[in-house]
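Geometric and topological summary
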Amino acid sequence: MKVAFAADLHVREDRAALHEKLLTRLAWDIVEVRPDLVLVGGELTGRTVPHCATPKERNLLIMFLASFDCSVVVIRGNHDEPGDWDFLNKFPNVTYVERPCVLSMKGGFDVICRPWSETPEMPPGGDGAPAFLLGHAQLRGGLVRVGQPDVQVKGPVLNPEALMEATKADFG
């Protein structure tokens, strides 16, 4: 399985010509490796927190996302105005995530999504972060601590590759 990841695009109307070139090149590079999944981290447009995207900014992002024939998951960041990107869910291969969730993807794997939130929240029915993570991920091996700016953790935050080798997650 191949996963492509892009984040912090910060597309801005005042730099639309440059950003169009950059997004076209990025899309080309991603398409060239033929990923099974494209993950797009937040900070889609603008530089204010949060930023309400302009029509021009939205159109540039739509052009970028339309480049992919695989599944695309876009996860909200702190610059992304709540509700501003929900329309992306109308595209057949795009899922926009504004709340913590687990997406079961074709191919039998799950994507654990933890978008930016001003308050630490977990999906309904969970017993907190460790149960959420352990209940939905296929983890093997040692201990992993996972953190985000609004979740206090004890100890180091490990890189994503560590999740694939873990049997236990501890959010501190």
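Look up: the structure comes first, before these words.
The structure reproduced in this document is the subject of the present report. Being a predicted model, the structure only gives us computed values, none of them experimental. (Residues numbered from 1 in each chain as written. Predicted model: local features only at pLDDT ≥ 70, side-chain atom pairs only at ≥ 80, totals over all residues. Heavy atoms only, no water.)

What follows concerns the pairing of strand β6 (residues 109-113). Every second residue of β6 is oriented toward a common face, the buried set being Phe109, Val111 and Cys113 and the non-buried set Asp110 and Ile112. Note: strand β5 (residues 101-105) against β6, five bridges, orientation antiparallel. Within β6, the position partnered with serine 104 by the bridge is aspartate 110. (Buried < 20%, exposed > 50% of the residue type's maximum accessible area, 1.4 Å probe, protein only. Helix = DSSP H or I, 4+ residues; strand = E, 2+ residues; numbered from the N terminus. Pairing = 2+ DSSP bridges.)

Following the sequence through the fold, glutamate 98 ends up in the loop between β4 (94-97) and β5. Considered as a pair, glutamate 98 and valine 74 are 24 residues apart in the sequence and their alpha carbons are 8.8 Å apart. Contacts of glutamate 98, omitting those with residues within four sequence positions, involve Arg76, Glu81, Pro82, Gly83, Asp86 and Pro115. Here the side chain of glutamate 98 touches glycine 83 through a polar contact of 2.6 Å, landing on its backbone nitrogen. (Contact = heavy atoms within 4.5 Å. Polar contact = N/O pair within 3.5 Å; in protein donor to acceptor, adjacent residues only side chain to side chain.)

We now examine the side chain of aspartate 80. By the element assignment, aspartate 80 lies in the loop between β3 (71-75) and β4. Arginine 76 provides the closest opposite charge to the buried, unpaired aspartate 80, separated from it by 5.9 Å. At 3.0 Å, the side chain of aspartate 80 forms a polar contact with the backbone nitrogen of glutamate 43. Within polar-contact distance, the side chain of aspartate 80 engages the backbone nitrogen of glycine 77 at 2.8 Å. Excluding residues within four positions of it along the chain, aspartate 80 makes contact with Gly42, Glu43, Leu44, Thr45, Pro50, His51, Ile75, Trp85 and Tyr96. (Lys, Arg positive; Asp, Glu negative; His and termini not counted. Salt bridge = Lys/Arg side-chain N within 4 Å of Asp/Glu carboxyl O.)

Attention now goes to the pattern of salt bridges. Following the criterion strictly, the structure yields three salt bridges and no others. Across the pair aspartate 14 and arginine 12 runs a salt bridge, and its minimum N-O distance is 3.0 Å. Classification of arginine 12 as buried rests on a relative accessible area of 15%. With a closest N to O distance of 2.9 Å, arginine 25 and aspartate 29 form a salt bridge. Within this pair, arginine 25 and its partner aspartate 29 are both found in helix α1 (residues 16-32), separated by four residues, close to a single helical turn. For aspartate 29, a relative accessible area of 30% corresponds to the partly exposed category.

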